[in-house]
Amino acid sequence: MNTVTRFAPSPTGRLHVGNIRTALHNWMLARKHGGRFLLRIDDTDAERSKEEYVEAIRTDLAWLGLTPDHEERQSQRLASYEAAFKKLREAGRIYPAYETAQELEIKRKIQLGRGLPPIYDRAALSLTTEQREAKEAEGVAPHWRFKLDHDEPIEWDDGVRGAQKFDPAQLSDPVIRRADGSWLYMLPSAVDDLEMGVTDVLRGEDHVSNTAVQIQMFTALHAAGVGAQQNDAVDAAPRFAHEALLVGKEGKLSKRLGSLGCDAFRDRGIEPEALVAMLARLGTSLPVEPIADREELLDSFALDTFGRAPARFDDAELERINAAIVHLMEYDSVRDRLPTGMDAAGWHAIRPNLTHVGEAGEWWYLVTGPIDPPEFAPEDRDYLARAAQALEWSDDPWPMLTDKLKRETERKGKALFLPLRQALTGMNHGPDMKELLSLIGENEARARLEQAAKG
Ligand code: GLU
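Student: Which parts of the structure should I look at to understand the overall build of the chain?
Tutor: In terms of regular secondary structure, the chain is built from 20 helices and twelve strands. Compactness check: the chain gives a C-alpha radius of gyration of 32 Å against a globular reference of 23 Å for 455 residues, more than 25% above the reference. Each principal axis of the C-alpha distribution contributes one length, and for the chain these read about 110 × 45 × 35 Å. Out of the 455 residues belonging to the chain, those deemed buried represent 48%.

The following block contains the structure:
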């Protein structure tokens, strides 16, 4: 059976690092097994869903290189949900309820006051036909609940958490549809997973109790013939895996989520490959390393390496990974983002000094000039005048120059190298002089040495 995974964001805001991680892992799970990765836009909430966020989700996934094989939208699948609802209702698994939000809240408070878990008491189940008709005559439209089967425990083998077991009697029958006919998340998602042939649901551990409920929905839907064509030969429910949540270095991420989206990362000069390398392994037993090659990341990707402790997201670590990735990037992949005139040799010389590609311009002026050399002491000025004369051009002028000066002067080590670096670049440190001198060129290099010698 071919692996099918899905990433199912609600388009009510921008993706943040937590969603990106879920998307990435679903993409990886599908790619690793040669399967398909679906993007499912969960836009049943017409009021909060915005088209601009749908666009942003697509753009962000493209920037990350997590291209979906197929896209679905819940708002275009309402007929399927309606059909499933009808079947489940006929099968006695859906019932109308009439309590107001206030009434439910009071019930909850009373239960909590008595030290009981706030589980829905199923009062609506025992309403007689007359009582229901009376409610509707009063103009109260029902909302709808899925009736959990209390007979057997709900069990599954979670890809991350191992064996899971829930007592359905400890769960409330979930509301699946509002009185205005609109859908809550739970049922449409199960219908989609069945009808789209999803084999693996990988999501955050905040969904664990939803999974318990949805497992019963899968069974009920399957028995009612929903998704039969796609999933006839397989178990009703997909495999489930719930990854530990992502937290910040100091605890919760929620306050910072606004600054942890793709635009913000891109503006900070974070490469998608850095984010991918980090999120691929954060919270797993594998080391987070600057691996730009996705095949390499895919080779080691395995759910059984995922830990149950929260994964810690640390900006400083992301910056380190980014720098290391930048140092590996080939000229062709960055040329459009470099200062004009900067060629492959220039990129190669400058690259080790960057933490972000965007800083290339801050170093490239060392080649193009003008530079700002320091004041030199008289003996250094003599030395630099000598260097200007000694400069001979070749494919590799730097070792020729420094070898010659070493032979002809008493200087060695720092006294030999530093004045040259300062005169040629105006700085005490920076790119490898061997690469840089060739880029500066003979005339410009001699002019800089002569200028420094004059003081
Ligand atoms: N739209 C849901 C969410 O963003 C999808 C959850 C799921 O993966 O089933 O939480």
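Text resumes after the structure shown.
Student: Mind showing me how you'd approach helix α18 (residues 413–425) here?
Tutor: Two residues of an α-helix separated by three or four positions point the same way, owing to the 3.6 residues in each turn. The end-to-end C-alpha distance of α18, which contains 13 residues, comes to 18 Å, matching closely the 18 Å that a straight helix rising 1.5 Å per residue would cover. All buried positions along α18 are accounted for by Leu 416, Pro 419, Leu 420, Arg 421, Gln 422, Ala 423, Leu 424 and Thr 425. On its buried face, α18 is in contact with α15 (360–368), α16 (378–390), α17 (397–408), α19 (433–440) and α20 (442–454). Of the residues trailing α18, Gly 426 is marked for its positive phi of about 75 degrees.

Student: Help me understand the packing of helix α1 (residues 17–32) against helix α10 (residues 272–281), please; the structure alone is not making it clear to me.
Tutor: If you want to describe how two helices pack, look at the angle between their axes and the distance between the axes. Two numbers describe how α1 lies on α10: the axes approach to 9 Å, and their chain directions differ by 80 degrees. Accordingly, the angle class assigned to the pair α1 and α10 is roughly perpendicular. Between α1, through Val 17, Ile 20, Arg 21, Leu 24, His 25 and Met 28, and α10, the contact on the second element is made entirely by Leu 275, Val 276, Leu 279 and Ala 280. Here the contact of α1 with α10 is composed, by residue class, of eight nonpolar, one polar and one charged.

Student: Any chance you could explain the side chain of Thr 3 here in plain terms?
Tutor: You can see Thr 3 is positioned in the segment before β1 (4–7). The class for Thr 3 is buried, based on a relative accessible area of 7%. Look past the residues within four positions of Thr 3 in its chain and what remains in contact with it is Leu 29, Ala 30, His 33, Gly 35, Arg 36, Thr 199 and Asp 200.

Student: I keep staring at the site of the ligand and nothing clicks. Help me out?
Tutor: Around the ligand, a shell composed of Arg 6, Ala 8, Ser 10, Asp 42, Tyr 185, Ser 189, Arg 203 and His 207 is seen. At a separation of 2.7 Å, an oxygen atom of the ligand approaches a polar side-chain atom of Arg 6. In this structure, Asp 42 approaches the ligand through a side-chain N or O atom, which is 2.6 Å from a nitrogen atom. Burial of the ligand by the protein amounts to 77% of the accessible area it has alone, namely 300 Å². With respect to the detected pockets, the ligand is housed in the largest pocket.

Student: I'm lost on the sheet that holds strand β4 (residues 94–97) in this one. Help?
Tutor: Strand pairing in a sheet takes place through backbone hydrogen bonds and is either antiparallel or parallel in direction. Ordered in space as β4-β5-β8, the three strands form an open sheet in which the pairing is antiparallel. In the strand order of this sheet, the two ends are held by β4 and β8 (175–177), each with one partner. Looking at each pair of strands side by side, their axes are set apart by 45 degrees on average, direction ignored. As paired strands, strand β5 (residues 143–146) and β8 are joined by two bridges and run antiparallel to one another. When the sheet's bridge partners are listed, Arg 145 is paired in β8 with Val 175.

Student: Explain the layout of surface pockets here, please?
Tutor: Unfilled space is identified by rolling a water-sized probe across the atoms. In this structure, the largest pocket spans a volume of roughly 830 Å³. Lining the largest pocket are 35 residues; nearest its centre among them are His 16, Asn 19, Thr 22, Asp 206 and His 207. Elements with a minimum of two residues in the lining of the largest pocket: β1, α1, β9 (200–204) and β11 (246–248). It is α1 that contributes the most residues to the lining of the largest pocket, five residues altogether. Along its surface, the second largest pocket is lined by 20 residues, and Val 175, Leu 184, Tyr 185, Met 186 and Asn 210 are the ones closest to its centre. Take the lining of the second largest pocket: its biggest share by element is three residues, from helix α7 (residues 208–223). Partitioned by chemical class, the residues of the lining of the second largest pocket number eight nonpolar, eight polar and four charged.

Student: Mind showing me how you'd approach the packing of aromatic side chains here?
Tutor: Counted by the stated rule, this structure contains nine aromatic pairs. Plain terms: the ring middles of Tyr 81 and Trp 183 are 6.1 Å apart, the flat faces sit at 75 degrees to each other, and that makes the pair edge-to-face. Of this pair, Tyr 81 sits in helix α3 (residues 78–90) while Trp 183 sits in the loop between β8 and α6 (186–195); the two residues are 102 residues apart in sequence, bridging distant segments of the chain. The pair Tyr 81 / Trp 183 is uniform in exposure class, with both members buried. Seen from the ring of Trp 63, Arg 266 lies directly overhead, with NZ or CZ sitting 5.2 Å from the centre.

Student: How should the pattern of salt bridges be read in this particular structure?
Tutor: A side chain with one charge can pair with a side chain of the opposite charge if their charged atoms come near. Taken as a whole, this structure holds 36 salt bridges when the rule is applied. For Arg 294, the salt bridge goes to Glu 273, with nearest N and O atoms at 3.1 Å. Placement of the pair is Arg 294 in helix α11 (residues 294–300) and Glu 273 in helix α10, with a sequence separation of 21 residues. A salt bridge links Lys 404 to Glu 392, with the nearest nitrogen and oxygen atoms 3.1 Å apart. Taken together, the residues span a long stretch of sequence, with Lys 404 in helix α17 and Glu 392 in the loop between α16 and α17 at a distance of twelve residues.

Student: Whenever I open this one, the nonpolar core confuses me. Can you help?
Tutor: As a rule of thumb, nonpolar side chains are buried together in soluble globular proteins. Counting 86 residues, the largest nonpolar core has Phe 265, Leu 279, Phe 313, Trp 347 and Leu 449 as its most contacted members. The residues touching Leu 279, leaving out its near neighbours within four places in the chain, are Val 17, Ile 20, Arg 21, Leu 24, His 25, Leu 246 and Phe 313. The next biggest cluster of nonpolar side chains, apart from the first, holds 34 residues, and it includes Leu 148, Leu 187, Leu 194 and Val 213.

Conventions used here
Residues numbered from 1 in each chain as written. Predicted model: local features only at pLDDT ≥ 70, side-chain atom pairs only at ≥ 80, totals over all residues. Heavy atoms only, no water. Helix = DSSP H or I, 4+ residues; strand = E, 2+ residues; numbered from the N terminus. Rg over C-alpha atoms; globule rule 2.2 N^0.38 Å. Buried < 20%, exposed > 50% of the residue type's maximum accessible area, 1.4 Å probe, protein only. Expected span 1.5 Å × (residues − 1). Contact = heavy atoms within 4.5 Å. Axes fitted to C-alpha atoms, helices over the stretch in contact; angles between N-to-C directions. Parallel < 35°, antiparallel > 145°, perpendicular 65-115°, else oblique. Nonpolar A, V, L, I, M, F, W, Y, C, P; charged D, E, K, R; others polar. Near = heavy atom within 4 Å. Polar contact = N/O pair within 3.5 Å; in protein donor to acceptor, adjacent residues only side chain to side chain. Areas by Shrake-Rupley, 256 points an atom, 1.4 Å probe, with all protein chains shown as cover. 1 Å grid on protein atoms, 1.4 Å probe; cavity = no way out; pocket = protein on both sides within 12 Å on 5 of 7 lines; lining within 4 Å. Sits in = over half its atoms within 2 Å of the grid points. Pairing = 2+ DSSP bridges. Points joined across faces, edges and corners; volume = space filled by probe spheres on them. Phe/Tyr/Trp six-rings, centres within 6.5 Å; stacked < 30°, edge-to-face > 60°. Lys NZ or Arg CZ within 6 Å of the ring centre and 35° of its normal. Salt bridge = Lys/Arg side-chain N within 4 Å of Asp/Glu carboxyl O. Core = buried A, V, L, I, M, F, W, Y, C linked by side-chain atoms within 4.5 Å.

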